[in-house]
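Read off the chains here:
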Amino acid sequence: MIGRHPDSTGDGHSADASQWRREWIETARSDVVALPADYPDGHRVETHRHSRSQLLYALSGVVMVNTGRGRWLVPPEHAIWLPAGVDHSVDMLGDVQMRSIYVRPGAIAGLPDGLKVFAMTDLMRSLVVAAMALPHEETHTGRSALVLDLLLHEIPNLSERPLALPFPSDRRLALLCRRFIEAPSPHSTTDEWAGAAGMSRRTFTRAFRRETGLSLSMWRRQACLLAALPRLADGETVTAVALDLGYESVAAFITMFRRMTGETPRSWLKRGQRNAARSH
C-alpha cells in the first residue's frame, strides 16, 4: 500500500489530501483507482487535468464541471465521464459527497470517447460505494479485483443524460448564450437569435450546430434544465421555478423536464433524497 488514505469526511479539499490524490492517481498500477472526497458548499477545485479518465459521481449535492467547451451539470445520482487530458474545474453547489473512479485509457474496449453525463444504476452505485471501501493497493486480487473489474465493465452500459451545456467559441454566439443563461426563457426564437448575431436564419442555424453540436432549441432546453436543477435541489417549489423560468404553465415545464431527464421533477427530487439518506 502506498501512502495513507485521507479521511473522506471533510478533508477532501485540504492541500495534503489533494496532493495525495494527485500522486495516487498518477502512480497507481491498477487500471482503476477509486477515491472519495467531500466538499463544502461553494468550494471550487481549480482547473486541472488527469492522465486517466475520470467518472465523477455526485453521491449527494450538485456539481458543475467547467471546461473550455462549456459547462456540465452533475446532479445527485448522476456521474460525468471526463476523458483523460481534459482541462476542467469543478464547482460545488451545496455540500457534495464526490466519489470518483479514475480509469487508465484503453483499459477495456467500449469506454466513452467524449465528455458525457450518465444516470447511475443501482448496480453501478453499489459498485462505486464498494470500491471506495477497498484498500488502496498497488494490485488487487480476489474480491477487490472482481469489484473493480465489474465496475469497469459497467461504465459502457450507463445511460447518457442530456445535461451538457457546450458553449460556442464564436464570440457573437457565446455572448448570446451567456445572456440567455443570465435570464433563461423558453420563448426566444431562432429568428431573434439570428438577428442579434447579425446572421441569416440559415447561417445562424448551421453555425450554432457546428459550434455546439446541438440545435438551438435543444441547447435552450438544456440551459433551462441546468438553471432549474440546483434550485429544485435547494428546496424551491416546482411551480416557482417553472414560472420564474418563463414557462406559461407548470405542466409545460414538467413536460420539458421529463423529456430531458426521463422523470418528473417530483420523482427526481424524491429519488435524490432517498439515495442521499441511504448514503448516511
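As the structure is a computational prediction, the values presented were derived from the model and not from experiment.

Draft legend 1. Seen up close, the pairing of strand β7 (residues 116-119). One ladder, built from 4 bridges, connects strand β5 (residues 78-82) with β7; its direction is antiparallel. Residue pairing across strands places H78 opposite A119, the latter belonging to β7. Note: β7 against strand β8 (residues 159-161), 3 bridges, orientation antiparallel. Bridging across to β8, V117 finds its partner in R161.

Draft legend 2. Quick peek at the packing of aromatic side chains. By the definition in use, this model includes 10 aromatic pairs. A ring pair is formed by W193 and F204, whose centres lie 6.3 Å apart and whose planes are at 55 degrees; its orientation type is tilted. Residue W193 is found in helix α5 (residues 190-197), and its partner F204 is found in helix α6 (residues 201-212); the two are separated by 11 residues along the sequence. The residues W193 and F204 share a single accessibility class, namely buried. Ring centres of W193 and W219 lie 6.1 Å apart, and the angle between their planes is 70 degrees; on these two criteria the pair is classed as edge-to-face. With a gap of 26 residues between them, W193 in helix α5 and W219 in helix α7 (residues 216-233) connect regions that are remote in the sequence. Taken as a pair, W193 and W219 share a single burial class, namely buried. One aromatic cluster is present, built from ring pairs that chain together F167, F180, W193, F204, F208 and W219.

Draft legend 3. Focus on the side chain of T67. Turning to its location among the elements, T67 is positioned in strand β3 (residues 53-67). Excluding residues that lie within four positions of it along the chain, T67 makes contacts with W72, V86, D87, H88 and L115.

Draft legend 4. The pattern of salt bridges, seen in detail. Overall, the coordinates contain 11 salt bridges when judged by the stated rule. With a shortest N-O distance of 3.5 Å, D170 and R172 are connected by a salt bridge. A residue is classified by how much of its surface remains accessible, and R172, at 36% relative accessible area, is partly exposed. For D191, the salt bridge goes to R201, with nearest N and O atoms at 3.0 Å. Of the two residues, D191 is situated in helix α5 and R201 in helix α6; the sequence distance between them amounts to 10 residues. For D191, a relative accessible area of 47% translates into the label partly exposed. Through salt bridges with shared partners, one network takes in R44, E46 and D91.

Scoring rules and cut-offs
- Residues numbered from 1 in each chain as written.
- Predicted model: local features only at pLDDT ≥ 70, side-chain atom pairs only at ≥ 80, totals over all residues.
- Heavy atoms only, no water.
- Pairing = 2+ DSSP bridges.
- Helix = DSSP H or I, 4+ residues; strand = E, 2+ residues; numbered from the N terminus.
- Phe/Tyr/Trp six-rings, centres within 6.5 Å; stacked < 30°, edge-to-face > 60°.
- Buried < 20%, exposed > 50% of the residue type's maximum accessible area, 1.4 Å probe, protein only.
- Contact = heavy atoms within 4.5 Å.
- Salt bridge = Lys/Arg side-chain N within 4 Å of Asp/Glu carboxyl O.

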